[in-house]
Amino acid sequence: MLFENKSTSVFSEQTVYADRVKLSILNIYGENPKACVVTFGCQQNVSDSEKLKGMLKMMGYEITEDWALADFIIFNTCAVRGHAEDRVYGNIGKVKQLKKDKPRLIAAVCGCMAQQESVAEKIKKSYPYIDMVFGTQVFHRLPEFIYKQLNGSPRIFELTLDNSDIVEDIPVSRDGTYKGWLPIMYGCNNFCTYCIVPYVRGRERSRDPEKILEEARAMIANGCKDITLLGQNVNSYGKGCDHGINFAKLLRMINDIEGDFRIRFMTSHPKDCTVELLDTIRDCEKVSRHLHLPFQSGSSRILKLMNRYYDREAYLSLIKEAKARIPDVSLTSDIIVGFPGETYEDFKETLSLVEEVKFSSLFTFIYSPREGTPAARMADPVTREEKGKWFDELLRLQERIAAENVKNYIGKTYRVLCDGYGSNEGFVTGHTSGTAVIEFEGDEGLLGKFVNVKVDLYDGTLKGTIIK
Ligand code: 5AD
Ligand code: SF4
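Rules and cut-offs
- Residues numbered from 1 in each chain as written.
- Chains lettered and ligands numbered in written order.
- Predicted model: local features only at pLDDT ≥ 70, side-chain atom pairs only at ≥ 80, totals over all residues.
- Heavy atoms only, no water.
- Near = heavy atom within 4 Å.
- Polar contact = N/O pair within 3.5 Å; in protein donor to acceptor, adjacent residues only side chain to side chain.
- Areas by Shrake-Rupley, 256 points an atom, 1.4 Å probe, with all protein chains shown as cover.
- Helix = DSSP H or I, 4+ residues; strand = E, 2+ residues; numbered from the N terminus.
- Nonpolar A, V, L, I, M, F, W, Y, C, P; charged D, E, K, R; others polar.
- Expected span 1.5 Å × (residues − 1).
- Buried < 20%, exposed > 50% of the residue type's maximum accessible area, 1.4 Å probe, protein only.
- Salt bridge = Lys/Arg side-chain N within 4 Å of Asp/Glu carboxyl O.
- Pairing = 2+ DSSP bridges.
- Right-handed = clockwise from strand over helix to strand, strands pointing away.

### Thoughts on the site of ligand 1
Point 1. Taken together, Val80, Arg81, Tyr194, Gln296, Asp334, Ile336, Phe365, Ile366, Tyr367, Ser368 and Arg370 make up all the residues around ligand 1.
Point 2. In the model, a nitrogen atom of ligand 1 is placed 3.0 Å from a nitrogen or oxygen of the Tyr194 main chain.
Point 3. Contacts to ligand 1 include Gln296, whose side-chain N or O atom sits 2.7 Å from an oxygen atom.
Point 4. Starting from 400 Å² of accessible surface for ligand 1 in isolation, the protein chains cover 86%.
Point 5. Elements represented by at least two residues in the shell around ligand 1 include exactly β13 (330-337) and β14 (361-366).
Point 6. Here the shell around ligand 1 is built from residues that sort into 6 nonpolar, 2 polar and 3 charged.

### Let's talk about helix α2 (residues 43-58)
Point 1. Counted at 1.5 Å a residue, the expected span for α2 with its 16 residues is 22 Å, and the 23 Å between its end C-alpha atoms agrees.
Point 2. Counting buried positions along α2 gives 12 out of 16 residues, so the element sits mostly inside the fold.
Point 3. All of the buried residues along α2 are Gln44, Asn45, Ser47, Asp48, Ser49, Glu50, Lys51, Leu52, Lys53, Gly54, Met55 and Leu56.
Point 4. With its phi angle positive at about 100°, Gly60 sits one or two positions after the end of α2.

### Quick look at unusual backbone geometry
Point 1. The omega angle of the peptide bond from Met266 to Thr267 is 5°, so this bond is cis rather than trans.
Point 2. Mapped onto the secondary structure, Thr267 falls in the loop between β11 (262-266) and α10 (275-283).
Point 3. We note that Asn163 has phi near 55°; this positive angle belongs to a residue other than glycine.
Point 4. As for its placement among the helices and strands, Asn163 is situated in the loop between β6 (156-158) and β7 (179-183).
Point 5. Phi at Gln296 takes a positive value of approximately 70°, unusual for a residue other than glycine.
Point 6. The exposure class of Gln296 is buried, given its relative accessible area of 7%.

### As for the pattern of salt bridges
Point 1. For the coordinates displayed, the defined rule picks out 37 salt bridges.
Point 2. Taking the shortest distance from any N to any O, the salt bridge between Arg174 and Glu215 comes out at 2.7 Å. Placement of Arg174 in the loop between β6 and β7 and of Glu215 in helix α8 (residues 209-221) is noted, with a sequence separation of 41 residues between them.
Point 3. The class for Glu215 is buried, based on a relative accessible area of 16%.
Point 4. Put simply, Arg301 and Asp346 hold a salt bridge, and the shortest N to O gap is 2.7 Å. Residue Arg301 is found in helix α11 (residues 300-306), and its partner Asp346 is found in helix α13 (residues 344-357); the two are separated by 45 residues along the sequence.

### Let's talk about the site of ligand 2
Point 1. Around ligand 2, the neighbouring residues are Cys188, Asn190, Phe191, Cys192, Tyr194, Cys195, Val197, Pro198, Gln232, His269 and Arg308.
Point 2. Of the residues contributing to the shell around ligand 2, the split by class is 7 nonpolar, 3 polar and 1 charged.

### Topic: the pairing of strand β4 (residues 106-111)
Point 1. Taken across its 6 residues, β4 has 6 buried, putting it largely inside the fold.
Point 2. Every second residue of β4 is oriented toward a common face, with Ile106, Ala108 and Cys110 on one face and Ala107, Val109 and Gly111 on the other, all of them buried.
Point 3. Pairing of strand β3 (residues 72-77) with β4, which is carried by 6 bridges, proceeds in the parallel orientation. Counterpart to Thr77 in the pairing with β4 is Gly111.
Point 4. Note: β4 against strand β5 (residues 132-134), 3 bridges, orientation parallel. Bridging across to β5, Cys110 finds its partner in Phe134.
Point 5. A crossover connection joins β4 to the parallel β5 through helix α5 (residues 117-126); in handedness this β-α-β unit is right-handed.

If you want it as C-alpha cells, here you go:
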C-alpha cells in the first residue's frame, strides 16, 4: 500500500555537513576521534540518542562511554521532573574539568530540558564551557552545529519549535540487536496541567505508516525480536492525517510483517484507548499482552484538575473492558502522588484503585512543579514530607499486590524472549509477552531467542526451567 509521504528530506543537507566534519575532525583529533552521548529520561530520549549516535558515526566519530576519552560530548536531557534536571546540572558541571584536560573538546546539551528558554539562559550565563544548546525539533542538525563549532562559530543556541514535518532518514545506531525502539509519533496535544512535555516536544505529529513499516521490516531483517513503538500518546496515532490509519490499524499492519517477533508500545492515554485497540491486542499474536495505561490519580476531583479527560469510573470501566477482552493482560500504570491540592482523602482513592485493578507494576512519582505549567501556579499546601509518607504507603501496597500476583505464575509455562543475565552464573532471564521476568538455567547462546519456560518458584525472582 502506498501513502502520501509528507515527511521532508531535510536531512540530506546535513549529510553534506557530515562529510565536511569527517574531514575536519581527522585533521584536528587524528586517527580516532571519539564522541560520548549521555542520556537522561524516557525511552523517547534513548531512541533520540540512538539517532545522535548514528549521526556521530556518520561524521566519523567512534562512540565511547568514557567521558575522558571524548572529543565531543553531548547530554540528551529530560525535563519531566525537577530531580532529572538537577542531575543534568551536576553532570554538565563536570565538563569544565574535562575541557581543562582536553581543550578541543566540544560539549553540547540537547533534549527536553535544553528546549526551555530559562534553561538555555542559565547555561548561557553559568556554564560558559557548553558550546551548544539545542532543542527537540532541531537535533537532526547536529552535523551542521558541529561543523560550525569546528569553524570558529560563537556558541550555538537553537531552540526552534515550529512543529514542522518529521525529519526522516536520520541514521540510527541501535544499542541492541534483538530489542529496539521504533518512534511512531512525536509531541503531545494533551496539556495535562502538571506536564512540561507539550511545551518542550511540541504538537503531536505522526510518522507516515509506510516509513514505520519500512523501519520495522528492516529491524526484523536485522534480527530484532522485540519492537517497542514509541509516542507520548500512541493511541492518537494518525489523528489529523489523511491516510486513515489509526493506531489499531497500524498495529495490525506491523503484526502482518513476516517473522517471529513481538510488538510492544508506550504510552497509551486512557481517554483514547478504544475497544478496537483492545480487540487488536487480543487478535494480533505478535502484540504483547501488556497495556501501560497511566491513570495518575484515583480521585475524579484531582483528575479534573490534572486535565486528564476521564474520571475514576471511566478508567475502571476501561480496565474492566481490557480484562474481559484480553484475559491474560498485564496492566501497568504511572501515578503522581501529591498533586497540588490533593488531600489524603483523594490519595486514598488512588490506593483503592490500585487495590482494585491489581497492576503488575507501577511507576510512581511525587509531584514536581514544572515552571510554565498550570499546576505550578496552583496552591500546594501539603509538605514534601507528608507526600513522602503517602508515597511509601503506595509502594508498600503495590509490593503486597505484586507478591500476590506472582503466585499466579507458578506452575505455568510461558514463551519468553531471553534478554539478560541472571543473578547467578549459568543463568539467564527472559521476558514474557506481558511484563514478567523469569530466570532459568542457560548461557549467552540463548540471548535473543524465544524459549518456553515453566515457572517453578518465586523467591524474590521468578525461577523456571526450559521446556523443550
Ligand atoms: N511531576 C511528577 N510526575 C510527573 N510526570 C509527568 N510530569 C510530572 C510532574 N510534573 C509523570 C507522569 C507521566 C510520567 C511519564 O511522568 O506520571 O505519566
Ligand atoms: Fe504529559 Fe499528559 Fe502528554 Fe503524557 S499525555 S506527555 S502526561 S501532557
